[in-house]
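# Breakdown of the fold
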2 protein chains.
Amino acid sequence: MTEPADPDPGDGGLVRLRIDLAYDGTGFAGWAIQPRQRTVQAELEGALATVLRLADVRVTCAGRTDAGVHARGQVVHADVPLAAFEGNPYALGRRIAGVLPPDIGVRGVAIAPPGFDARFSPLWRRYAYRLTEHPFGPEPLHRHDVVAYGRALDLAAMQAASRGLVGEHDFAAFCRRRTGATTVRTLLELQWSREPHDLVVATVLADAFCHSMVRSLVGACLAVGEGRRPAEWPAQVLAGRVRRADVTVAPALGLTLEEVHYPPDAEVAARALAARRRREAPA
Amino acid sequence: MTEPADPDPGDGGLVRLRIDLAYDGTGFAGWAIQPRQRTVQAELEGALATVLRLADVRVTCAGRTDAGVHARGQVVHADVPLAAFEGNPYALGRRIAGVLPPDIGVRGVAIAPPGFDARFSPLWRRYAYRLTEHPFGPEPLHRHDVVAYGRALDLAAMQAASRGLVGEHDFAAFCRRRTGATTVRTLLELQWSREPHDLVVATVLADAFCHSMVRSLVGACLAVGEGRRPAEWPAQVLAGRVRRADVTVAPALGLTLEEVHYPPDAEVAARALAARRRREAPA
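What counts, and where the lines are drawn
- Residues numbered from 1 in each chain as written.
- Chains lettered and ligands numbered in written order.
- Predicted model: local features only at pLDDT ≥ 70, side-chain atom pairs only at ≥ 80, totals over all residues.
- Heavy atoms only, no water.
- Buried < 20%, exposed > 50% of the residue type's maximum accessible area, 1.4 Å probe, protein only.
- Helix = DSSP H or I, 4+ residues; strand = E, 2+ residues; numbered from the N terminus.
- Arc of directions from axis to C-beta.
- Contact = heavy atoms within 4.5 Å.
- Polar contact = N/O pair within 3.5 Å; in protein donor to acceptor, adjacent residues only side chain to side chain.
- 1 Å grid on protein atoms, 1.4 Å probe; cavity = no way out; pocket = protein on both sides within 12 Å on 5 of 7 lines; lining within 4 Å.
- Points joined across faces, edges and corners; volume = space filled by probe spheres on them.
- Nonpolar A, V, L, I, M, F, W, Y, C, P; charged D, E, K, R; others polar.
- Disulfide = S-S within 2.5 Å.
- Buried area = accessible area lost by both parts, 1.4 Å probe.
- Salt bridge = Lys/Arg side-chain N within 4 Å of Asp/Glu carboxyl O.
- Least-squares fit on C-alpha atoms with pLDDT ≥ 70 in both.
- Axes fitted to C-alpha atoms, helices over the stretch in contact; angles between N-to-C directions.
- Parallel < 35°, antiparallel > 145°, perpendicular 65-115°, else oblique.
- Left-handed = near helix turned anticlockwise from the far one by under 90°.

Residue and element names in this part refer to chain A. Among the residues of helix α2 (residues 89-99), those classed as buried are P89, L92, G93 and I96. In an axial view of α2, the angular spread of the buried residues amounts to 105°, which keeps them on one side of the axis. Residues of α2 that are buried make contact with β1 (14-23), α1 (40-52) and β4 (104-111). Where α2 begins, the capping side chain belongs to N88, and its oxygen is found 3.1 Å from the backbone nitrogen of Y90.

If you want it as structure tokens, here you go:
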């Protein structure tokens, strides 16, 4: 198979699949393929190639998670030859699930609507960050997705700090810079709550995230929650628009990509065009 | 240390500790010590012996979980010499937590009230059983505590079946028999609910459980939920008072000991005496 350059679904006998995935990120060096590393992308592309009997399959995801980060609602697209794919997405899902390792799970397989792009069509992504103040750390069943924080947090102060971050801003201060791409994002929600079993959970929702943005926002709010910084500090950092050494990037294992939300089928193509134009604008 | 025969707390310089534990049961051959097997009891007794510098420490738990069964709220007591225990339960908890493997977690350590017995003082135990009807199985982060069931369940029928089991009964039909001990128990609650992330959860609450009772009750209700048996069937099995081959014991990994509930401190001694008398009565 020669690699298609953004084919239309169905074009040249190719069909675009939408695959919903969940994974335990503990055993992966993150999403993206890297030489000599176990990655989610490599495992999925390998499973698809096996099941579809193709030499090569490329996938594109909604959220390129870092090493140790988990997903409950990752979304991927892949363009595969119609001939290889026998037209039953459910049966294909069963076959992919049978080949994937136990730390990656298929949640659904469907033929994508016209113009669908896993990366550029979403209206928003939602992440959760989980930690515990319990002095003895997380319950063992959650040792891979809940961070042992161990210090008491002032959630009201963290909530106040979070309000100063919501909205459309240049998040350069909270991003690892990628040259030539904008760091303007719209943070739609940043909420802190206490949940059963001694959990503190941040819900973070944005149109899109730049690299390490969620974990940097969480790190800044934790400095407030511990009383090391005033509630106004994260908004001041944001306004500075430069990455700073005193913003701690919170540990990866507490982070889970929970959900990627797409517009109705008729609007995914227009949304992808608009998002691609916006995100690829120079900084 | 010579092994004490049910010492009074403080008697002979011994103090009774209450230790609250959580564990991921995946890597254990269950709670109880067995030769050449990795068990929770052996790990905990070893950790206590190390931290307290004793040759031998024995612990007694509230619920002897089987291989693969998890705990969020296991409770244990141990009698340790006052001299070995320096009087700060929190510091002791930190030290035990530092020695235990990552799949066992300390949730609390306290000096037990007079007459406290982890096994005989409880008013009730609560277990949860978790499974998913999702065709592709559980999310990978929950592959160790959620069973891949994959068939659609009629929860209303299961709920109806469960109502016929609640109350004080001889649960011999749902127990692996231990010679010379009663199988009369009071089932206080058996509820089925759908929860987020495609979960079906049974909440099972009783004064105490005999061996394999929760998983047998769950198995009988699942036969109803699948439509293989009428809603009246589990109550008919119960009334028969004999263990039957057609009651499936549901897989261990779906089961978690969630909570053990004790009476107020002033009543734990009387409760332990009454429960011991009742449970050791001949069948």
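Structure's up, so let's keep going.
All names here are of chain A. Roughly 1300 Å³ of internal volume is contained in the largest pocket. Taken together, 50 residues make up the lining of the largest pocket; nearest its centre are C61, A62, G63, R64 and R119. Sorting the residues of the lining of the largest pocket by element identifies α1, β2 (59-61), β3 (70-81), β5 (124-132), α4 (213-225) and α6 (268-279) as the ones contributing at least two each. Class assignment of the residues belonging to the lining of the largest pocket gives a composition of 21 nonpolar, 11 polar and 18 charged.

Looking now at the state of the cysteines. Residue and element names in this part refer to chain A. As enumerated under the stated definition, the model contains 2 disulfides over all chains in all. Across the disulfide from C175 sits C210; the S-S distance is 1.7 Å. Taken together, the positions of C175 in the loop between β7 (167-170) and β8 (184-195) and C210 in the loop between β9 (199-206) and α4 put the pair 35 residues apart, joining distant regions of the chain. With respect to burial, C175 and C210 carry one shared label: buried.

For the rest of this paragraph, the subject is the environment of V106(A). Residue position: V106(A) is located in strand β4. Classification of V106(A) by relative accessible area gives buried; the value is 1%. The sequence separation of V106(A) and R94(A) amounts to 12 residues, and the corresponding C-alpha distance is 8.2 Å. Residues in contact with V106(A), not counting those within four places in the same chain, are D20(A), L21(A), G93(A), I96(A), A97(A), L100(A), H134(B) and F136(B).

If you look at the interface, chain B gives 31 residues, while chain A gives 31 residues. Summed over both sides, the interface of chain B with chain A buries roughly 2500 Å², with 60% coming from carbon and sulfur. Per-residue buried area on chain B facing chain A is highest for R107(B), F136(B) and L141(B); these three make up 32% of the total on that side. At the boundary of chain B and chain A, one finds 4 salt bridges. Across the salt bridge formed by R72(A) and E139(B), the nearest N and O atoms sit 2.7 Å from each other. Linking chain B with chain A are 10 residue pairs in polar contact (both at pLDDT 80 or more). Secondary-structure elements contributing two or more residues to the side of chain B that touches chain A are β1 (14-23), β3 (70-81), α2 (89-99), β4 (104-111) and β10 (255-261) of chain B. Here the element with the most residues in the side of chain B that touches chain A is β4(B); it accounts for 5 residues. Classifying every residue of the side of chain B that touches chain A gives 12 nonpolar, 9 polar and 10 charged.

Across all of its chains, the model carries 40 salt bridges over all chains by this definition. Between R194(A) and E133(A) there is a salt bridge whose closest N-O contact spans 2.9 Å. Remark: E133(A) occurs in the loop between β5 and β6 (147-148) and R194(A) occurs in strand β8; sequence separation between them is 61 residues. Notably, a salt bridge pairs R276(B) with D117(B), separated by 3.4 Å at the nearest N-O pair. Here R276(B), found in helix α6 (residues 268-279), pairs with D117(B), found in the loop between β4 and β5 (124-132); they are 159 residues apart in sequence, far enough to count as distant. By relative accessible area, which is 28% here, R276(B) ends up partly exposed.

Next up on the list: the relation of the copies chain B and chain A. The second copy of the chain is related to the first by a rotation about an axis and a shift along the axis. Each copy of the sequence occupies a distinct position, and chain B is placed on chain A by a rotation of 180° and an axial shift of 0.0 Å, giving an RMSD of 0.0 Å. Here the transformation between the copies is reduced to the relation of a two-fold axis. Both copies present the same face, since 100% of the interface residues in chain B are matched by interface residues at the equivalent positions in chain A.

This brings us to the packing of helix α3 (residues 155-163) of chain B against helix α4 (residues 213-225) of chain B. Residue and element names in this part refer to chain B. Viewed as axis vectors pointing N to C, α3 and α4 meet at an angle of 135°, and their least axial separation amounts to 8 Å. By the angle class used here, α3 and α4 are oblique. α4 is crossed by α3, and the crossing has right-handed handedness. Counted together, A157, M158, A161 and S162 of α3 and C221, L222, V224 and G225 of α4 form the full contact between these two elements. Taken together, the residues that form the contact of α3 with α4 break down as 6 nonpolar, 2 polar and no charged.

Let us now look at empty space enclosed by the protein. Here the idea is plain: a probe the size of a water molecule rolls over the atoms and shows the empty space left. All names here are of chain B. Tallied over the entire structure, the rule returns 1 cavity of 30 Å³ or more. One number sums up the size of the largest cavity: a volume of about 40 Å³. Together, G219, A220, A223, R228, W233, D246, V247 and T248 line the largest cavity. Among the elements that make up the lining of the largest cavity, the one with the highest residue count is α4 (3 residues). When its residues are assigned to classes, the lining of the largest cavity shows 4 nonpolar, 2 polar and 2 charged.

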